[in-house]
Amino acid sequence: MLYVYCIILSMKLKVELMMKLEMDNKGAVDLANNWSVGGQTWHVDVKNHFLRKLKDQGLLVIKFVSGDLNDADIFTKNTAGPIFERHIPNFVRTD
């Protein structure tokens, strides 16, 4: 996402900030949004700290979205027919 942001800026196009990162893992959202989560998180990867810094700079917002409502799930998981059909309008152009 940050790579695409840099490409768009290099083309002198405007980017609407804050970029949204929506995920269905409540624990990952909590880790990314809170600097002090607890003593058992000393092993958190550098990537998580990078996401926290982007969030603090105002480039990124990290939100929890239920798996049934997450549009990306139809590309990454086997979803049931009704859930798949609910997400199709978000990806099909009608013009």
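Residues numbered from 1 in each chain as written. Predicted model: local features only at pLDDT ≥ 70, side-chain atom pairs only at ≥ 80, totals over all residues. Heavy atoms only, no water.

Visitor: I tried to follow the overall build of the chain on my own but got confused; where do I start?
Guide: Per the secondary structure count, the chain includes five helices and two strands. Reading the helices (α) and strands (β) of the chain from amino to carboxyl end gives α-β-α-α-β-α-α. Out of the 95 residues in the chain, the part that is buried amounts to 18%. (Helix = DSSP H or I, 4+ residues; strand = E, 2+ residues; numbered from the N terminus. Buried < 20%, exposed > 50% of the residue type's maximum accessible area, 1.4 Å probe, protein only.)

Visitor: Got a minute to help me understand the confidence of the model for the chain in this structure?
Guide: Low-pLDDT stretches of the model should not have their predicted coordinates read in fine detail. Residues of the chain with pLDDT of at least 70 account for 82%, and the chain-wide mean is 78. Put simply, helix H3 (residues 46–56) is where the chain has its lowest mean pLDDT, 76, and strand S2 (residues 60–64) is where it has its highest, 87. (pLDDT = per-residue confidence, 0-100.)

Visitor: Even after reading the chapter, I still don't get the packing of aromatic side chains, so can you show me in this structure?
Guide: How two aromatic rings sit relative to each other is given by the distance of their centres and the angle of their planes. Taken as a whole and judged by the stated rule, the model has zero aromatic pairs. Over the face of the ring belonging to Phe-64 we find Lys-26, whose NZ or CZ atom lies 5.9 Å from the ring centre. (Phe/Tyr/Trp six-rings, centres within 6.5 Å; stacked < 30°, edge-to-face > 60°. Lys NZ or Arg CZ within 6 Å of the ring centre and 35° of its normal.)

Visitor: Would you explain a nonpolar patch on the surface in this entry?
Guide: A contiguous nonpolar surface patch, about 510 Å² in accessible area, is contributed by Tyr-3, Val-4, Ile-7, Met-11 and Leu-13. By relative accessible area, Ile-7 is classed as partly exposed at 34%. (Patch = residues over 30% accessible without salt bridge, like charges linked within 9 Å, V, L, I, M, F, W, Y side chains within 5 Å. Areas by Shrake-Rupley, 256 points an atom, 1.4 Å probe, with all protein chains shown as cover. Salt bridge = Lys/Arg side-chain N within 4 Å of Asp/Glu carboxyl O.)

Visitor: Any chance you could explain the pattern of salt bridges here in plain terms?
Guide: Any two side chains of opposite charge can pair, given that their charged atoms come close. Taken as a whole and judged by the stated rule, the model has two salt bridges. With its nearest N and O atoms 3.7 Å apart, the salt bridge here joins Glu-22 to Lys-63. With Glu-22 in strand S1 (residues 19–23) and Lys-63 in strand S2, this pair connects stretches of sequence that are 41 residues apart. The salt bridge involving Lys-26 is made with Asp-30; its shortest N-O contact spans 3.5 Å. In this pair, Lys-26 and Asp-30 both sit in helix H2 (residues 26–33), four residues apart, roughly one turn of the helix. On the basis of relative accessible area, Lys-26 is assigned to the partly exposed category, the value being 46%.

Visitor: Got a minute to help me understand the environment of Phe-84 in this structure?
Guide: When you line up the elements, Phe-84 lands in helix H5 (residues 81–87). Since its relative accessible area comes to 32%, Phe-84 is described here as partly exposed. Taking C-alpha positions, Phe-84 is 6.2 Å from Ile-74, a pair spaced ten residues apart along the chain. Excluding its chain neighbours within four sequence positions, the residues that come into contact with Phe-84 are Ile-74 and Thr-79. (Contact = heavy atoms within 4.5 Å.)

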